Amino acid sequence: MTNINEIAKQMVADGKGILAADESSGTIKKRFDGINVDSSEENRMNYRRILLESKEAMENYISGVILFDETIRQSNSAGEKLVDIIKKSGTLPGIKVDMGAKSLAKMQDETVTEGLDGLRERLQEYSELGAKFAKWRAVISISEKNPSHLCIDANAHALARYAALCQESEIVPIVEPEVLMDGSHSIQKCYDVTKKTLLKVFDNLLLHNVDLKGICLKPNMIIGGSENSQRSTSKEIAQMTVDCFKECVPEEVPGIVFLSGGQSEIEATENLNEINKIENTPWKLSFSYGRALQSSALKAWQGKLENEDLCSKAFTHRAKMNSLASEGSWSNQQEG
Ligand code: 13P
């Protein structure tokens, strides 16, 4: 087995999932604005350090952490590199390598993710800085006339070129085609668009000689639009999610780690739990949550030194609940 196959398996080790702490400068500012905290470099380091120093969570429930470029180079006030704090807990450091979703020329309200130019050299540097895996997020939005074939095609092509470059550097690519929840579309529409997107993504991965045993897929769950008043039960969401992936995701893929995409913390946990109650799925099914692991922690912190413990406890609790959900053994009573 090559190194990338082993790393991919570690990323979806039993009862573990990924912490997405790779918010770009703009996104973390938005999150900090929500708690009235200035998005200074020191505050960003401090907040992320609290999460990474949460020993119980990191050692037991988290397999890897996705970092932003700034964070992979940062040290805490004692001079310890944040990457070394991650490694000390037995967790894998990862890095976001895309340069963001940019407006797709001649198309309305659609984007293509950029960042391929110079990526080979950047991956080499990130590997030297300790990254074992990477992330690239493609964004597909649903509206009356979108997504277009072009949008799905362009994004699938970029994801495949990124994934091949990662594997060349012995870095496991997280392949993230996110079909957004924004809009009033039905759950069936989400199913159809996700299916079309995933089929195109796997076509391209194979065309670009990507070893499917050495990737992790990071998709959305199959869920109705956030402005659709008809809410599905978590059982329906789970069944449609598994059905959709069985149609599109080859069995060699070791793991599927979901994004939370705007679901509340409890929804994201409950849906993952229901997904894992379904039997006979060929892949590990876990989490790679940003907001659904951090919302309570961020609120508890408020940018204050005296709240660090509360922040760490809130993060540890969510990590533990999602760990249980990744094995289908969570229940609402365990929320306490
Ligand atoms: P959310 O779980 O907040 O959607 O973030 C995950 C992520 O990494 C999006 O790219």
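Residues numbered from 1 in each chain as written. Predicted model: local features only at pLDDT ≥ 70, side-chain atom pairs only at ≥ 80, totals over all residues. Heavy atoms only, no water.

Asker: So, the site of the ligand: which residues are in play, and what are the values?
Answerer: Taken together, 13 residues lie around the ligand, and Lys135, Lys218, Ser260, Gly261 and Arg291 are the ones closest in. Within the backbone of Gly261, an N or O atom sits 2.7 Å from an oxygen atom of the ligand. Contacts to the ligand include Gly290, whose backbone N or O atom sits 2.8 Å from an oxygen atom. Bound to the protein, the ligand loses 91% of the 300 Å² it would expose on its own. When residues of the shell around the ligand are traced back to their parent elements, those giving at least two are strand S6 (133–140) and strand S10 (284–289). Taken together, the residues of the shell around the ligand break down into three nonpolar, four polar and six charged. (Near = heavy atom within 4 Å. Polar contact = N/O pair within 3.5 Å; in protein donor to acceptor, adjacent residues only side chain to side chain. Areas by Shrake-Rupley, 256 points an atom, 1.4 Å probe, with all protein chains shown as cover. Helix = DSSP H or I, 4+ residues; strand = E, 2+ residues; numbered from the N terminus. Nonpolar A, V, L, I, M, F, W, Y, C, P; charged D, E, K, R; others polar.)

Asker: I'd like to hear about the environment of Arg161, residue by residue, with values.
Answerer: Residue position: Arg161 is located in helix H8 (residues 149–168). Judged by relative accessible area, Arg161 falls into the partly exposed class, the value being 37%. For the pair Arg161 and Phe202, spaced 41 residues apart in sequence, the C-alpha separation works out to 12 Å. Those residues in contact with Arg161 that lie beyond four places of it in its chain are Leu116 and His208. (Buried < 20%, exposed > 50% of the residue type's maximum accessible area, 1.4 Å probe, protein only. Contact = heavy atoms within 4.5 Å.)

Asker: Describe in detail the side chain of Gln167, supporting the description with residues and values.
Answerer: Here Gln167 shows up in helix H8. For Gln167, the side chain forms a polar contact with the main-chain nitrogen of Asp211, separated by 2.9 Å. Other than its neighbours up to four places away in sequence, Gln167 contacts Ile4, Pro173, Asn209, Val210, Asp211, Gly214 and Ile215.

Asker: I'd like to hear about helix H9 (residues 187–207), residue by residue, with values.
Answerer: Under the 1.5 Å per step criterion, the end-to-end length of H9 is 30 Å for 21 residues, consistent within 8% with the ideal 30 Å. Within the span of H9, buried status applies to Ile187, Cys190, Tyr191, Val193, Thr194, Thr197, Leu198, Val201, Phe202, Asn204 and Leu205. Buried positions along H9 lie against S6, H8, strand S7 (172–179), strand S8 (216–217) and helix H10 (234–248). Just past H9, the residue Asn209 takes up positive phi, approximately 60 degrees. (Expected span 1.5 Å × (residues − 1).)

Asker: Just give me the short version of the sheet that holds S8, but keep the residues and values in it.
Answerer: As summarised here, the arrangement of the eight strands in space is S1-S2-S3-S6-S7-S8-S9-S10, forming a closed barrel in which the pairing is parallel. One ladder, built from four bridges, connects strand S2 (residues 62–67) with strand S3 (residues 92–96); its direction is parallel. If you follow Leu67 over to S3, its bridge partner there is Ile95. Sheet strands touched by helix H1 (residues 3–11): strand S1 (17–20), S2, S3, S6, S7 and S8. Its angle to S7, the strand with the most contacts, is close to 50 degrees. Sheet strands touched by H8: S6 and S7. Its angle to S6, the strand with the most contacts, is close to 175 degrees. (Pairing = 2+ DSSP bridges. Axes fitted to C-alpha atoms, helices over the stretch in contact; angles between N-to-C directions.)

Asker: Quick one: what's the story with the nonpolar core, residue by residue and with numbers?
Answerer: Grouped together as the largest cluster of nonpolar side chains are 102 residues, with contacts concentrated most on Tyr162, Leu205 and Val249. With eight residues, the single largest contributor to this core is H8. In terms of nonpolar packing, the next biggest core, distinct from the first, is built from eight residues, Leu104, Ile140, Ile142 and Ile152 among them. (Core = buried A, V, L, I, M, F, W, Y, C linked by side-chain atoms within 4.5 Å.)

Asker: Which residues make up the packing of H9 against H10, and what are the values?
Answerer: It is at 9 Å that the axes of H9 and H10 come closest, and there the two elements cross at 25 degrees. Regarding the angle of H9 to H10, the classification is roughly parallel. When you trace H9 past H10, the crossing you get is right-handed. Here Ile187, Gln188, Tyr191, Thr194, Lys195, Leu198, Leu199 and Phe202 of H9 lie close against H10, whose contacting residues are Ile237, Met240, Asp243, Cys244, Phe245, Glu247 and Cys248. Looking at the contact of H9 with H10, its residues break down into 10 nonpolar, two polar and three charged. (Parallel < 35°, antiparallel > 145°, perpendicular 65-115°, else oblique. Left-handed = near helix turned anticlockwise from the far one by under 90°.)

Asker: Account for unusual backbone geometry, with residues named and values stated.
Answerer: The omega angle of the peptide bond from Asn146 to Pro147 is 5 degrees, so this bond is cis rather than trans. Within the chain, Asn36 stands out as a residue other than glycine whose phi angle is a positive 60 degrees. Checked against the element boundaries, Asn36 lands in the loop between helix H2 (25–33) and helix H3 (41–52). Taking relative accessible area as the criterion, Asn36 reaches 75% and is therefore assigned exposed.

Geometry only, nothing functional implied.
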